[in-house]
Amino acid sequence: AKASHSFDRPAAAAEAMGRLDISREYLPLSKTHRITGQIGDAFMIWTEEGTRTFKASLCSKFSNTKEDYCVFNGELVTWYSSHVPDLEPEREYFESEEIQTATEIF
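Residues numbered from 1 in each chain as written. Predicted model: local features only at pLDDT ≥ 70, side-chain atom pairs only at ≥ 80, totals over all residues. Heavy atoms only, no water.

Trainee: Is there a simple way to think about the overall build of the protein chain in this case?
Mentor: A tally of regular secondary structure across the protein chain gives 2 helices and 6 strands. The secondary structure elements of the protein chain, listed N-terminal to C-terminal, are α-β-β-β-β-β-β-α. Looking at the protein chain as a whole, 21% of its 106 residues are labelled buried. Residue pairs in contact within the protein chain that sit at least 24 positions apart in sequence constitute 49% of those at least 6 positions apart. (Helix = DSSP H or I, 4+ residues; strand = E, 2+ residues; numbered from the N terminus. Buried < 20%, exposed > 50% of the residue type's maximum accessible area, 1.4 Å probe, protein only. Contact = heavy atoms within 4.5 Å.)

Structural data, given as structure tokens:
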């Protein structure tokens, strides 16, 4: 009987990367982008200019903490990169003083 010797390339690469500390996780943290939420398969990415989405399948998790991160413009976008978005107390969220609730609509 002939023994089957298959080489598991992904496992070997992962083992070598762990041994040599080679990882995208060592990129610099973004100073402009921050993960602020997740809806389904999309991360909400905040910037001063506005919020955009990244597909979660294009992002990854840190190998040691399992926290989410995305790579954008050669930088790590995480839940703690950039800074906490400022609250806007002067922002008007409703144009009318009459706010309909779900019980009033249905």
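From this point on, the discussion continues.
Trainee: Explanation requested: the pairing of strand β2 (residues 42–47) in the structure shown.
Mentor: Regular strands have side chains that alternate between both faces of the sheet. The element β2 is extensively covered by neighbouring structure, given that 5 of its 6 residues are classed as buried. Across 5 bridges, the pairing between strand β1 (residues 34–39) and β2 is antiparallel. By the bridge assignment, Gly37 is partnered in β2 with Met44. In sequence, β1 turns back onto β2 through a hairpin of 2 residues, with Gly40 there showing a positive phi of about 60 degrees. As paired elements, β2 and strand β3 (residues 50–55) share 6 bridges and run antiparallel to each other. Along β3, the bridge assignment pairs Ala42 with Lys55. Hairpin connection from β2 to β3: 2 residues lie between these consecutive antiparallel strands. (Pairing = 2+ DSSP bridges.)

Trainee: Where do I start with the sheet that holds β3 in this structure?
Mentor: Hydrogen bonds between backbone groups are what pair the strands of a sheet, and the pairing can be parallel or antiparallel. Across the sheet, which stays open at both edges, the 3 strands sit in the order β1-β2-β3 with antiparallel pairing between neighbours. A strand with exactly one partner marks an edge of an open sheet, and here the two such strands are β1 and β3. Adjacent strand axes in the sheet meet at a mean angle of 30 degrees, parallel and antiparallel pairs treated alike. (Axes fitted to C-alpha atoms, helices over the stretch in contact; angles between N-to-C directions.)

Trainee: Would you take a moment to explain unusual backbone geometry for this structure?
Mentor: Note: most residues except glycine have negative phi, and most peptide bonds are trans. Its identity is not glycine, yet Asn73 carries a phi of approximately 55 degrees, on the positive side. Within the secondary structure layout, Asn73 lies in the loop between β5 (68–72) and β6 (75–77). Despite not being glycine, Ser82 has its phi angle at roughly 60 degrees, a positive value. Inspection of the secondary structure puts Ser82 in the loop between β6 and α2 (102–105).

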